[in-house]
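Remarks on the overall topology
Next come the chains, spelled out residue by residue.
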Amino acid sequence: MTRRIAADAGRGLGHLVVTVLDILKEVLERQALRRLDAGTLTADQVEALGQALIALELRFAEIRAALDDIPTTEGVQ
């Protein structure tokens, strides 16, 4: 007997992954701030890091929107 995973389970897993990635992003932001405060980043590195963090946040917003668009299915087995 083959069991299918309901879309809700996929959405739940997707939200879990996004949550873990949010935590990782927060750690990266804190590390970037420590390096900035310590003066170990060049101006170009600061700019590149800022752009990368902005792009990451935009991508996360796209992923969250995609997860919210997954239709729910009741009783799928």
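Residues numbered from 1 in each chain as written. Predicted model: local features only at pLDDT ≥ 70, side-chain atom pairs only at ≥ 80, totals over all residues. Heavy atoms only, no water.

Let's shift gears to the overall build of the chain. If you tally the helices and strands in the chain, you get 2 helices and 0 strands. Taking all 77 residues of the chain together, 13% fall into the buried category. Considering only residue pairs separated by 6 or more positions, the chain has 83% of its internal contacts joining residues 24 or more positions apart. Roughly 6,000 Å² of accessible area belongs to the chain as shown, and the carbon and sulfur atoms make up 61% of that amount. (Helix = DSSP H or I, 4+ residues; strand = E, 2+ residues; numbered from the N terminus. Buried < 20%, exposed > 50% of the residue type's maximum accessible area, 1.4 Å probe, protein only. Contact = heavy atoms within 4.5 Å. Areas by Shrake-Rupley, 256 points an atom, 1.4 Å probe, with all protein chains shown as cover.)

Applying the stated criterion across every chain yields a total of 4 salt bridges. We note a salt bridge from Arg 30 to Glu 26, for which the minimum N-O separation is 2.6 Å. Taken together, the residues span about one helical turn, with Arg 30 and Glu 26 both in helix H1 (residues 7-38) at a distance of 4 residues. For Glu 26, a relative accessible area of 38% puts it in the partly exposed group. (Salt bridge = Lys/Arg side-chain N within 4 Å of Asp/Glu carboxyl O.)

Here we come to the confidence of the model for the chain. On average, residues of the chain score 79 in pLDDT, and 74% of them are at 70 or above. Note that residues 73-77 has pLDDT below 50 and, in this model, 8 contacts with residues that lie over four places away or in other chains. (pLDDT = per-residue confidence, 0-100.)

For helix H2 (residues 43-68), built from 26 residues, the straight-helix expectation of 38 Å at 1.5 Å per residue is met to within 8% by its first-to-last C-alpha distance of 38 Å. Every buried residue of H2 is listed here: Leu 53, Phe 60 and Leu 67. (Expected span 1.5 Å × (residues − 1).)

The next point concerns a nonpolar patch on the surface. A contiguous nonpolar patch, built from Leu 13, Leu 16, Val 17, Val 20, Leu 21, Ile 23, Leu 24, Val 27 and Leu 28 and spanning about 790 Å² of accessible area, is present on the exposed surface. Summarising the element assignment, Val 17 is placed in helix H1. On the basis of relative accessible area, Val 17 is assigned to the partly exposed category, the value being 43%. (Patch = residues over 30% accessible without salt bridge, like charges linked within 9 Å, V, L, I, M, F, W, Y side chains within 5 Å.)

If you trace the backbone, Lys 25 turns up in helix H1. Judged by its relative accessible area of 11%, Lys 25 is buried.

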